[in-house]
Each structure stands twice: as C-alpha cells, then as structure tokens.
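Given next are the chains, with one letter for each unit.
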Amino acid sequence: MQPPRSPAAQTGLLIPAAHQKAAYWRAVSVKPDRICASKDPESPGLQSEFVNRDASDVVSGDSAPPLRLIVSGGGTGGHIYPALTTIRTLEAQLAATDRQLDVLWIGTAGSLEARVATAEDVRFEAVATGKIRRAANPLKLFSRSNILDMCRVPLGVLQARRLIAQFGPDVVLTTGGYVAVPTGLGSWLARRPLVVHEQTVRLGLANRLLSRLASRIALSSGSSLSLLGGKLRHSAVVTGNPVRAELFGGDAEEAVSVLGLGGFDRGVPTVYVTGGAQGAVQINRVVREVLPWMLERANVIHQCGKSSIDELTDHAATLAPDLSGRYLVTEFVGPELADVFDLADVVISRSGAGTIAEITALGKASVLIPLASAAGNEQAHNAGVLAERGAAVALLDEVSAHTLRQALEPLLRDTEKRTAIAQSARLCGHPDAAEQLAQLVLSEADRRRSARA
C-alpha cells in the first residue's frame, strides 16, 4: 500500500523535509535487531528453519506448492529495487493461480538491502562479501583492502551454498552488486537455476562473472546483446529494468494540490530537477546559475538533497516576485513522486540505470548529466545510448550553466521537439519490465520442477 500523501506545508518555497522523508526512511531505517545477522548456516536454529526444503514440497489437496525464490543484489538502490519490484510482481502473478511465493534475500549484514528487505517483510540472511575497489592504476587493484575483501569471498560462497541447500530454492535471481557474487556462485555449486539481471547497458563486474554460470541473462537494453559473446547471447533475453508500479499512476493535478503549486503557470512547461535521493551538488550548482532564465520559460520543481537545501532556499528568497511562484525547492520527494513525474514535461537528472528506466518507461524528455565517477563510466554510456536514439539530450563533455542552457532552450521553446524526444524515450522504455522479468524467473523455476517430476 502506498503511504498516505503528506500535505505540502505552506511555508513559502520550502517543503519541510521531515514529512516528505518519512515514507522513504520507514523503508530503509529499521531497527538492527529486526535484521537476521550473519548466522552460522550450520547452527541448529537455522537448520530447523530451512532444513529439507525440497523434501517438504508436499501439499494437501489440490494446492500447488509455493515457488521458492532466493534473491541477491544490493549495495545501492539501483540493484535493490529491481529485485524488490520483481518479488512483488511475482507474488501477484502467482496469486492469480492460487500459488504463493516463499522468498529469501541473501545480502550483507547491516546493509541497505538488509534494511529494505526487513522493512518489506522479506526474510533476510547475511553472508560474507568482498568488494573490488577499481582504479585507473592496475597496481591499486592489489591494495591491502582489496586483498582482504577477496579473502572473504570463499567464506561467503560456502555460507551461500549452505543457505541454498537448506532453503531449497526453485530458482535464484541476482541483480548485481558485489554481494551477488557469493550467492550466484553458490547457486551454481548447488545446481540451481540462476537468472542474472543487468540494469545498465554494459554488464557490471559481478554480472560479467555470473553471466557465464547463469541459466538466463535478463538485460535492460537491447544494446547489450551485441556486447555478449555468442554463447551468452543465446541465454540472454531483453526484459527491461523493473520500475515501481506506483510510478505509472501519477496525477499532475494532485501534484499541484499536494505540493501547493498554486503559483505555477500551467501555460508553460514544468521542469523536474533531481539528483536522486541524496541530490547532486553539480546539478544543483548549474541549475542555480541559470534559474532566473529557466523561470522566465518554465516552472521548476527542484529536488536538491540535504547538502544543498539551505543554500538553494536562501537563493530562492532572492528571486523576483513574478518568478518565485514558479519555483519549488525541496530536499526530498516522497510519495508524491508519481504525480511530479506526471506534471513534468522535462526532467534534468543523472543517468543511472534506475533513472533511465523510469524516464523511458514514462516517456519523458530529459537532459541527462552523467555522474563522472560512476563505475565503468556507465552513466555516460547510458546517456550516450539514449542521445544517439534521439531519446534524450546528454551533457557528455562540459557541464556548465552555458551548456545546460543550450540543451534546455529548444526543449522549452519547441513543443514538437520536446514531444518527439519524449516519444523516442518511450520507445526505448520497458513499462512491462517487472512482468517480463517475473515471468522469466517463473519459467526457469517451472522448468526445474518439470525436470525433477
């Protein structure tokens, strides 16, 4: 159930962060004692909970046995939320045929995925993990921290292998991040079907390893197919990157009402600026420099994050009265996000996998400003793919007030151009990605059950 909408506070241009962030932090901030610690998989308590799962597939009457799924992926929301969305979609698909889903999430103790899984009532178990800290200098790969972390991976594989044997999954789904490696390797050792989902155009380091062991590889973009070898390409299918279902139910008028946007001029476009939950200082800086120019041509909803909220609130107070009503600056956008997207004509944002999935599924014109420090330069690659298809405008080189103004001007001035980019974005999107990925997972699980029958 979507959290109740929070009424916009009538305190000028700033919506207080407390009520906006409540729904978000309820999902990611739970008491540590609710999270299953990294238990010894051989302990009696764990054995009693999971032992002989395959043997327990005995049901009374005509009831179908539950589908058992292990999920692993984490570190960032980009890896976590596609997995969570797929779980919820699978639950709905199975419920339609009177079946249930039994899920175990394997991740890192004390992590974001641990908090999200527990808040969503998904069983969670932790294993040891190791992270490779990449650097331009290859010698730095052999740093002390990398070596120590890599020594933890074999332990994590053993722990994951035992959890898999005890839980008895029909299928394992990994969604990337270094935490997925032990679970993926464990599933291969246990001979369980492994579905690997990649959110970006180019496979991440963990998925490049696990794809060689996977039963199926689920891709978010057709552009990824040409990057796979012949053998891997045969096991790949383009599902898209799952997007939360609630984002498709937005109402622009509700955004105006809830956020108190009475000063917005509905005769001009609305621009939604976002740097993600934490904001993006680089985007905030260049938007501030062109803000008066933007407000002469558009309304602006600016989600700036905690680090920039005070500075931008002070700056908003200096705007001319005829422009200030068109500007809303806020630290965080919570349950109103779907409505904000519905109101927005143009989105200015980073180009992470989750953002790309949302703006293409929703069909939004956008100006993308990649995060230069993203692993493998993946954000620049994501933005470049959309720009080549006329589905976005990308600032791939210099990011300044001048280049942002050049990118925005034709989108704000020319309705037909803005519409054409939005339509191209929609063609690149996969609004049914969650259903497609859930069906792929289900088919692999059923294939295994049929082989065992």
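In what follows, the accompanying structure is described. (Residues numbered from 1 in each chain as written. Predicted model: local features only at pLDDT ≥ 70, side-chain atom pairs only at ≥ 80, totals over all residues. Heavy atoms only, no water.)

### With respect to the pairing of strand 12 (residues 346-349)
Side chains of strand 12 alternate between two faces, with V346 and I348 and V347 and S349 buried alike. Direction of pairing for strand 9 (residues 270-274) relative to strand 12: parallel, over a ladder of 3 bridges. Following the sheet pairing, V273 is matched in strand 12 by I348. Pairing between strand 12 and strand 13 (residues 365-368): 4 bridges, direction parallel. Paired with S349 across the bridge in strand 13 is L368. (Buried < 20%, exposed > 50% of the residue type's maximum accessible area, 1.4 Å probe, protein only. Helix = DSSP H or I, 4+ residues; strand = E, 2+ residues; numbered from the N terminus. Pairing = 2+ DSSP bridges.)

### Description of the pattern of salt bridges
The tally for this structure, following the rule as stated, stands at 15 salt bridges. Across the salt bridge formed by R88 and E91, the nearest N and O atoms sit 3.0 Å from each other. Here R88 and its partner E91 are both found in helix 3 (residues 77-95), 3 residues apart, which amounts to about one turn of the helix. D102 is the partner of R123 in a salt bridge, and the nearest nitrogen-oxygen pair spans 3.3 Å. (Salt bridge = Lys/Arg side-chain N within 4 Å of Asp/Glu carboxyl O.)

### Observations concerning the sheet that holds strand 5 (residues 171-174)
The sheet built from 7 strands is open, its strands ordered 4-3-2-5-6-7-8 with parallel pairing. Each of the sheet's edge strands pairs with one partner strand only, and the pair in question is strand 4 (123-126) and strand 8 (236-238). Put simply, the sheet's adjacent strands are angled 25° from each other on average, direction ignored. Bridging between strand 2 (residues 67-72) and strand 3 (residues 101-107) involves 6 bridges; their strand directions are parallel. Its bridge partner being in strand 3, L67 is matched across the sheet by L101. Helix-sheet contacts for helix 3 involve strand 2, strand 3 and strand 5, and the interaxial angle to strand 3 is about 170°. Sheet strands in contact with helix 6 (residues 180-189) are strand 2, strand 3, strand 5 and strand 6 (194-198), and its direction is about 155° off that of strand 5. (Axes fitted to C-alpha atoms, helices over the stretch in contact; angles between N-to-C directions. Contact = heavy atoms within 4.5 Å.)

### Overview of the packing of aromatic side chains
Under the criterion given, the structure shown has 1 aromatic pair. Judged by centre distance (5.7 Å) and plane angle (85°), the rings of Y272 and F341 are edge-to-face. Residue Y272 is located in strand 9, and its partner F341 is located in helix 13 (residues 337-343); the two are separated by 69 residues in the primary sequence. The same class applies to Y272 and to F341, which are both buried. (Phe/Tyr/Trp six-rings, centres within 6.5 Å; stacked < 30°, edge-to-face > 60°.)

### Things to note about the side chain of S221
Structurally, the position occupied by S221 is in the loop between strand 7 (216-219) and helix 8 (230-234). Residue class for S221 comes out buried when judged on its relative accessible area of 11%. Of the polar contacts made by the side chain of S221, one reaches the backbone nitrogen of S223; its length is 3.1 Å. In this view, S221 contacts V201 and V238; residues no more than four positions away in its chain are not counted. (Polar contact = N/O pair within 3.5 Å; in protein donor to acceptor, adjacent residues only side chain to side chain.)

### As for unusual backbone geometry
The phi dihedral of D121 falls on the positive side, at around 60°, and the residue is not glycine. Mapped onto the secondary structure, D121 falls in the loop between helix 4 (112-119) and strand 4. The backbone phi angle of R191 is positive, close to 60°, even though this residue is not glycine. Summarising the element assignment, R191 is placed in the loop between helix 6 and strand 6.

### Section: the environment of A83
Following the sequence through the fold, A83 ends up in helix 3. The class for A83 is buried, based on a relative accessible area of 0%. Between the C-alpha atom of A83 and that of W105, which follows or precedes it by 22 residues, the distance is 9.5 Å. Apart from residues no more than four positions distant in its own chain, A83 is found in contact with V71, W105 and T175.

Everything listed here is a matter of geometry and, on its own, says nothing about what the molecule does.
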